[in-house]
Amino acid sequence: MIKLSQIKIPLERIFGTVPEDLIKKGIIGDQEECLVREAVAKQLHISEDMIREMSILRRSMDARRKHRMQYIYQVVFRTEKEEKIIKRYGKNDAVLLKGHTQEDHQEKISPMQRKKENKPVIVGMGPAGLFAALELAEKGLEPVIFERGCCISKRREKVSAFWDTGELDENCNVQFGEGGAGTFSDGKLNTLVKDPTGRGRKVLKTFVEYGAPSEILYLHKPHIGTDLLGDVVRNIRNRIIELGGEVRFETTFEKAVWKNGKLTEIVFSHNGQSQRMPCDTLILATGHSARDTVTDLYQSGLYMEAKPFAVGVRVQHPQEMISRNQYGDVYDMLPAADYKLTYNTVDKRGVYSFCMCPGGYVVNASSEKGRLAVNGMSDHARNGRNANSAIVVTVTPEDFGGKDALAGIAFQRKWEEAAFREGKGEIPVQLFGDFCKNRTSTGLGAVQPSIKGQYTLANVRKVIPEFAGNSIQEGIMYFERRIPGFAREDAIMAGIESRTSSPVRICRDDSLQANIKGIYPCGEGAGYAGGITSAAMDGIRVAQMIITNIESES
Ligand SMILES: Cc1cc2nc3c(=O)[nH]c(=O)nc-3n(C[C@H](O)[C@H](O)[C@H](O)COP(=O)(O)OP(=O)(O)OC[C@H]3O[C@@H](n4cnc5c(N)ncnc54)[C@H](O)[C@@H]3O)c2cc1C
């Protein structure tokens, strides 16, 4: 099989051939596939009918020169005399893939006889817990999942009610519940984590197998969107149950009990009733917002350390302004554009855009009463009027005072309380012009907010540390050079964005176990992932380690 990269097709060719709706949705249809096949044949000087079993692995947009924008593809395909063609072509963007590719390697999973007395327990049904559970269930290990929040349908109701009324359920909200933190999100699946084992590709294929749109398999920056992600998660959950797994919603893990450094039992509660269960294998995939659980575990002796994260504010601009800047005059024929911006301030602080949501919404993503945090989401179509992203600044243990492992949580809580106060329980919103003058906004400009949750005009500068306010102002002024209009006076700021990643790392060794044997810290909350795909990859990794341990014991 040949893998060929750097296949370039000018956008005007695509416009001339592919139906507008497919281009707008970013979906590759037959017409575009024909163009790619034609380009492959031309690039390798072979005839098109020699190309068999072609599949497009990746498509990205090169929009650096507006007058010459192009899509760039990577494909795999079969043909005759592959070695001769590669040799004749002589460039390194064509490689021979010996034997099978990652694509067609269907891992034949042979279920194990569950020898162990106790079933493995997984705490948390975010991407880490969900993919760990699927991996263990496919191996016949019948995992039990505890999720403090509700199932997706009930969770959707609770979250909409919270956004409409401000009434928060501290166990079922944007952070907690079936699917985890990312369920109400843009569902961006790109990750910077290297993927030598193919776990990242497996995550994407699993999402497609359970209902996600197939274009996530080839888009450079794949995303699912809030409207589709919940259903995909439910389908995976049903498969886990089909394979003998068990899911307990509205069930909160409380304590781990151990003897001689080995886990023996866990304590959990449901409907206010505490219960105990023998347990010798526990995956802790609780996410970056399970502050109560992490505090209890730390105080009972689980080794942890403070970890850097980032804080900032969300900024909104008209999506049209962003797309026109990124794609020029043809912007409205293409999917909503995104951006990634970074800058180092004069005093050496990194300022960058985080979790950008094209055509999306700013959301109230709080999970504790009296504390307010925001985040962003988009539906699959990304057809909202505004683009938004968090403009954040890295904070380190030095910034949040002291080396105590939980100092970062205290820091987040302090500023989330400031946000709650400043907004009087609603999302504090401010125009960038007023942000620069550190004064409360009294009215909106041309940009109309796209926000899920109640909001009020306020002074967002007051809900973040001074160094962050200064750095963000300086950064946005710099980003104006990259995207004219980015620093417009009526750009809308909202805060605080504090849940960018976990402020704590739960220590684990090479066997992926904590200082208590049998406990496997996993995913974002444990400090080993950042984002949906990398959390899911870590879930698979931990499950595979448990399977290897069980196989080696038997
Ligand atoms: C609004 C929003 C938008 C986001 N957008 C994106 C995006 O577009 N792309 C992206 O890659 N990432 C995004 N993220 C980040 C992404 O969601 C997380 O990185 C990812 O979900 C982490 O996965 P996880 O499984 O480690 O933890 P989580 O997804 O946080 O899951 C942890 C689960 O554990 C449960 N839990 C916690 N404590 C207990 C307990 N004691 N007992 C039982 N259950 C418990 C929680 O209820 C939760 O469901 C977004 C996050 C938010 C909040």
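A brief structural summary. (Residues numbered from 1 in each chain as written. Predicted model: local features only at pLDDT ≥ 70, side-chain atom pairs only at ≥ 80, totals over all residues. Heavy atoms only, no water.)

## Some thoughts on helix H9 (residues 291-299)
Stage number 1. Restricting attention to buried positions, one finds in H9 the residues Arg291, Thr293, Val294, Thr295 and Leu297.
Stage number 2. Close packing links the buried residues of H9 with strand S8 (251-259), strand S11 (282-284), strand S12 (304-306), helix H11 (407-422) and strand S23 (504-506).
Stage number 3. Gly301 lies just past H9 and shows a positive phi near 110°. (Buried < 20%, exposed > 50% of the residue type's maximum accessible area, 1.4 Å probe, protein only. Helix = DSSP H or I, 4+ residues; strand = E, 2+ residues; numbered from the N terminus. Contact = heavy atoms within 4.5 Å.)

## A few points about the site of the ligand
Stage number 1. Surrounding the ligand, one finds 37 residues, the nearest of these being Glu147, Gly182, Lys188, Glu524 and Ile532.
Stage number 2. Ala285 has a polar backbone atom sitting 3.5 Å from an oxygen atom of the ligand.
Stage number 3. For the shell around the ligand, the elements supplying multiple residues, two or more each, are helix H5 (127-138), strand S6 (144-147), S8, strand S17 (374-377) and helix H14 (532-553).
Stage number 4. Considering every element that reaches the shell around the ligand, the biggest residue donor is S8, with 3 residues.
Stage number 5. Each residue belonging to the shell around the ligand can be placed in one class, and the counts come to 15 nonpolar, 17 polar and 5 charged. (Near = heavy atom within 4 Å. Polar contact = N/O pair within 3.5 Å; in protein donor to acceptor, adjacent residues only side chain to side chain. Nonpolar A, V, L, I, M, F, W, Y, C, P; charged D, E, K, R; others polar.)

## Comments concerning the packing of aromatic side chains
Stage number 1. Enumeration over the complete set of coordinates arrives at 12 aromatic pairs.
Stage number 2. On the basis of an interplanar angle of 85° and a centroid distance of 6.1 Å, the ring pair of Trp163 and Phe184 is categorised as edge-to-face. Highlighted residues: Trp163 in helix H6 (residues 152-165) and Phe184 in the loop between H6 and helix H7 (199-209), separated in sequence by 21 residues. The exposure classification of Trp163 matches that of Phe184, with both residues buried.
Stage number 3. Arranged with centres 6.2 Å apart and planes meeting at 70°, the rings of Tyr478 and Phe479 form a pair that is edge-to-face. (Phe/Tyr/Trp six-rings, centres within 6.5 Å; stacked < 30°, edge-to-face > 60°.)

## What to know about the nonpolar core
Stage number 1. Grouped together as the largest cluster of nonpolar side chains are 47 residues, with contacts concentrated most on Tyr339, Ile391, Ile464, Ile472, Ile476, Phe486 and Met493.
Stage number 2. Here the element with the most residues in this core is H11; it accounts for 5 residues.
Stage number 3. For Phe486, the residues in contact, after removing those within four places along its chain, are Val315, His317, Met321, Ile322, Tyr339, Leu341, Ile391, Ile476, Phe479, Glu480 and Ala491.
Stage number 4. Core analysis: the second largest hydrophobic core is formed by 45 residues, Ala137, Val203, Phe207 and Ala543 among them. (Core = buried A, V, L, I, M, F, W, Y, C linked by side-chain atoms within 4.5 Å.)

## Structural notes on the pattern of salt bridges
Stage number 1. This model, assessed by the stated rule, comprises 35 salt bridges.
Stage number 2. Between Glu38 and Arg13 there is a salt bridge, with its nearest N and O atoms 3.2 Å apart. With Glu38 in helix H3 (residues 30-44) and Arg13 in helix H1 (residues 11-17), this residue pair connects regions lying 25 residues apart in the sequence.
Stage number 3. In this structure Arg13 comes out as partly exposed when scored by relative accessible area, which is 38%.
Stage number 4. Where Asp231 meets Arg234, a salt bridge forms, and the shortest distance between an N and an O atom there is 2.8 Å. With Asp231 and Arg234 both in helix H8 (residues 226-242), this residue pair falls 3 residues apart, about one helical turn.
Stage number 5. When salt bridges that share partners are traced, they join Arg291, Glu368, Arg371, Arg413, Glu416, Glu417 and Arg499 into one network. (Salt bridge = Lys/Arg side-chain N within 4 Å of Asp/Glu carboxyl O.)

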